[in-house]
Amino acid sequence: MLIRLDPGSTEPLFAQLAAAIRGAVARGEISAGERLPGARDLADSLSVNVHTVLRGYQQLRDEGVVELRRGRGAVVTARGAGGLAALRQAVADVTGQARRLGLTVHELTDMIRMEYR
Amino acid sequence: MTTTRSRLVPRTVVAAGVLPATIAVAGAVLIRGWRDELPASVATHWGLNGTPDDFAGPVAVALFVGGFGVVAAAVGAVLAVLAHRDGLLGRSVAAVTAGTTAFVTVLTTSLVADQRGLADAGEAGIGPVPIVGSLAAAVIVAAVAGWMVPPGSERPASGLPADAPRLQVESDERVVWTRSVATGSYGVVVLVAGVGVTVVSSLLARQWWLLGLAAALAVLAVLMYSVTVTVDRHGLTVRGRFGWPRLRTPIEQVDHAAVAEVHPIRHFGGYGYRIAAFGPLRGASGFILRGGQGLVVDRADGRRSVVVVDDAETAAGLLNGLVQQRL
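Bear in mind the structure is a predicted one, so any value in this text is a computation, not a measurement.

Trainee: What's the story with the overall build of chain B in this structure? I'm lost.
Mentor: Along its length, chain B carries eight helices and eleven strands. Summarising its shape, the C-alpha atoms of chain B cover approximately 80 × 45 × 30 Å along the three principal directions. In chain B, which comprises 327 residues, the proportion classed as buried is 46%. For chain B, the proportion of contacts with a sequence separation of at least 24, taken over those separated by at least 6, is 65%. Counting only carbon and sulfur atoms, one obtains 65% of the accessible surface of chain B, whose full area is about 15,600 Å². Across chain B, the 26 positively charged side chains and the 22 negatively charged ones have centroids separated by 4 Å.

Trainee: Teacher, can you tell me more about the domain arrangement of chain B here?
Mentor: A common way to express how large an interface is: the accessible area buried when the components associate. Residues and elements named next belong to chain B. Here the domain parsing of chain B yields domain 1 (2–148) and domain 2 (177–183 + 224–326). A separation of 35 Å is found between the C-alpha centroids of domain 1 and domain 2. Counting from both sides, the interface comprises seven residues of domain 1 and, opposite them, eight residues of domain 2. Between domain 1 and domain 2, a total of about 570 Å² is buried, with carbon and sulfur atoms accounting for 61% of that surface. If you look at where domain 1 meets domain 2, you find zero salt bridges. Our count for the contact surface shared by domain 1 and domain 2 stands at zero residue pairs in polar contact (both at pLDDT 80 or more). Listed by contribution, the elements that provide at least two residues to the side of domain 1 that touches domain 2 are α2 (58–83) and α3 (89–113). Its residues assigned to classes, the side of domain 1 that touches domain 2 shows four nonpolar, two polar and one charged.

Trainee: Would you mind going over unusual backbone geometry with me for this structure?
Mentor: Generally, phi is negative for residues other than glycine and the peptide bonds are trans, each holding for most cases. Of note, the phi angle at Ser 47 of chain A is positive, near 40°, even though the residue is not glycine. Secondary-structure assignment places Ser 47 of chain A in the loop between α2 (39–46) and α3 (50–62).

Trainee: When you look at the pattern of salt bridges in this model, what are you seeing that I'm missing?
Mentor: Charged atoms that come close allow side chains of opposite charge to pair. A complete count under the given rule lists twelve salt bridges over all chains for this structure. With its nearest N and O atoms 2.8 Å apart, the salt bridge here joins Glu 63 of chain A to Arg 22 of chain A. Taken as a pair, Glu 63 of chain A in the loop between α3 and β2 (66–69) and Arg 22 of chain A in helix α1 (residues 13–26) lie far apart in primary sequence, 41 residues in all. Residues Glu 63 of chain A and Arg 22 of chain A agree in their burial class; the two are buried. Each of the salt bridges in this network shares a partner with another, and the network as a whole consists of Arg 179, Arg 290 and Asp 310 of chain B.

Trainee: What should I look at first to understand the sheet that holds strand β1 (residues 2–5) of chain A in this one?
Mentor: Strand order in the open sheet formed by five strands is β1(A)-β3(B)-β4(B)-β5(B)-β6(B), and the pairing between neighbours is antiparallel. For this open sheet the edge positions go to β1 of chain A together with β6 (246–250) of chain B, each flanked by a neighbour on one side alone. Mean inter-strand twist for the sheet, computed between neighbouring axes without regard to direction, equals 10°. Lying on the sheet, α2 of chain A is in contact with β1 of chain A together with β3 (174–182), β4 (226–232) and β5 (235–240) of chain B; it crosses β3 of chain B at an angle near 140°.

Trainee: Is there a simple way to think about the side chain of Thr 183 of chain B in this case?
Mentor: Residues and elements named next belong to chain B. Structurally, the position occupied by Thr 183 is in the loop between β3 and α5 (185–205). Accessibility expressed as a relative area gives 8% for Thr 183, which makes it buried. There is a polar contact of 2.7 Å between the side chain of Thr 183 and the backbone oxygen of Tyr 225. The contacts of Thr 183, once residues within four sequence positions are left out, are Val 188, Leu 191, Met 224, Tyr 225 and Leu 289.

Trainee: What exactly am I supposed to notice about the confidence of the model for chain B here?
Mentor: Parts of the model with low pLDDT should not have their predicted coordinates read in detail. Averaged over all residues, the pLDDT of chain B equals 86, while 95% of them reach at least 70. The spread of mean pLDDT over the elements of chain B runs between helix α6 (residues 209–223) of chain B, the lowest at 81, and strand β7 (residues 254–262) of chain B, the highest at 93.

Trainee: Quick question: what am I supposed to make of the pairing of β5 of chain B here?
Mentor: All names here are of chain B. The buried fraction of β5 amounts to six of the six residues, a majority that puts the element mostly inside the structure. Sheet topology places β4 next to β5; six bridges connect them, and they run antiparallel. Bridge pairing links Val 229 to Val 238 in β5. Here β4 hands over to β5 after two residues, the two strands then running antiparallel side by side. Two elements, β5 and β6, share five bridges in a ladder whose sense is antiparallel. Paired with Arg 239 across the two strands is Arg 246, which belongs to β6.

Trainee: Can you help me understand a nonpolar patch on the surface in this one?
Mentor: All names here are of chain B. Together, Val 71, Val 75, Val 78, Leu 79 and Leu 82 line one region of the surface with nonpolar side chains, adding up to about 480 Å² of accessible area. Looking at the element boundaries, Leu 82 is found in helix α2. Judged by its relative accessible area of 60%, Leu 82 falls in the exposed class.

Calculation criteria
Every chain is numbered independently, its residues counted from 1 as its sequence is written. Here chains are named by letter from A upward and ligands by number from 1 upward, in the order in which they appear as written. With the structure being a predicted model, the display of local features is reserved for residues of pLDDT at least 70 and the display and counting of side-chain atom pairs for 80 or more, all residues being used for whole-chain, interface and lining totals. For the side-chain quantities, the full set of heavy atoms in the structure was used; hydrogens and water were omitted. Under the scheme used here, helices are H or I runs from DSSP no shorter than 4 residues and strands are E runs no shorter than 2 residues, and both carry numbers assigned from the N terminus. Only protein chains enter the area calculation, which uses a 1.4 Å probe; residues under 20% of their type maximum are buried, those over 50% are exposed, and those in between are partly exposed. Contacts are assigned to residue pairs with any non-hydrogen atoms lying within 4.5 Å of each other. Residue exposure ignores everything except the shown protein chains as possible cover, and the areas themselves are Shrake-Rupley values with a 1.4 Å probe. Positive charges come from Lys and Arg alone, negative charges from Asp and Glu alone, with His and the N- and C-terminal ends not counted. Charged side chains are reduced to one point each, which is NZ for Lys, CZ for Arg, CG for Asp and CD for Glu. Boundary definitions for the domains trace back to an automatic or database domain assignment. Here the buried area means the combined drop in accessible surface, using a 1.4 Å probe, for two parts upon being joined, counting both sides. Between Lys or Arg on one side and Asp or Glu on the other, a salt bridge is scored when a side-chain nitrogen of the former is within 4 Å of a carboxyl oxygen of the latter. Polar contacts, as counted here, are pairs of nitrogen or oxygen atoms within 3.5 Å of one another; within protein the pair requires one atom able to donate a hydrogen and one able to accept it, and residues that are adjacent in sequence qualify only if both atoms are side-chain atoms. When residues are sorted by character, Ala, Val, Leu, Ile, Met, Phe, Trp, Tyr, Cys and Pro go into the nonpolar class, Asp, Glu, Lys and Arg into the charged class, and all the rest, Gly among them, into the polar class. Strands were regarded as paired on the criterion that DSSP finds at least two bridges between them. Here an angle of 0 to 180 degrees is reported between the N-to-C directions of two axes, which are lines fitted to C-alpha atoms, with helices fitted over the stretch in contact. A residue's pLDDT is simply how confident the predictor is in it, with values from 0 to 100. Here a patch means residues that are over 30% exposed by relative accessible area and free of salt bridges, tied together within 9 Å if like-charged and within 5 Å if nonpolar (Val, Leu, Ile, Met, Phe, Trp, Tyr).

In structure tokens form, the structure reads like this:
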């Protein structure tokens, strides 16, 4: 799992971190049940605040990609490794493209709704 | 560097040859000196029930101790000098030679010493003290011999080869690569067999201290069952599942990194923390938990670290990128 953070980017560091880990899970570099690095170790490696890492992990938990357990840290879920992370990443890509094209959230969801029929 | 080179061979000869030979000869001289206090033949071997079942004259025992040590020292010195350029290999040969000789010498000498004043060697007992004591002596002597041989430092730092993998790292970019690796199925079979054989021998021979050894082996196997490999601004870190063992190659000491195919049995003789005795990675040391692509780090001091891990290519590229960024 390669994590590259660009402090000059407009995207917050915690979101860049979550995106990198989500991508690694989507590509199968981390499998279900595997633990993510400890927040303190990862913060030290990246020279960022430990809260930045924890916030990134919380976002991944809200997405269903990891579970946060007391004493065990962040563990990749079966759903996350089984395709949810890949889907989340695809949605993020689609949203980014819609923004670049100037589509509103309604126009995008309408497109998705049509695709679902 | 030149001074290290010129001192390397004599130090290796002293550690792998002179040290064990001296210990063995000292043991032989002691045993021979006690021959008037000893029975005509001394016990040299004990059965499983703790009674002696093999005997020899004191002079023969002295000759055995001295002869074993001198032959081992001669072979060890030659092998260690041949291997002294290969990283930790010369150091390991010296430690094993000196440690084994110390074990045999101290064990035999202390077992014979206990028989002074006996009329009949058939009454000679055997306790745990000589065995534990000689193991302790072996560990200390092996540590001294290993300390005397500096890790081979004759592979000149070559810098980054043109074909080495490399990831560009921007100056303000924050990067980390991390991956965990678990022992492969062959490795698990080897480890379980090792622990199993020790437990069964302990039960069959009723040597309960062997159970302690089996427990120690099992703990080591669990600690090293899986490791996490991390490449970041600090360098390369390999950490066991429970934080220990932990090996770090600081970024200042990294010359360059590459990827190589690793054959655990053929080149490293097994699984776990290993030193390669054969093959293209001769002298390299590190965690070999399974076969396949490994990350090989050449250090500025000539040592080589290796760890088998998925996606070693990215790890090597990032290390090279981080080294380049520092220049």
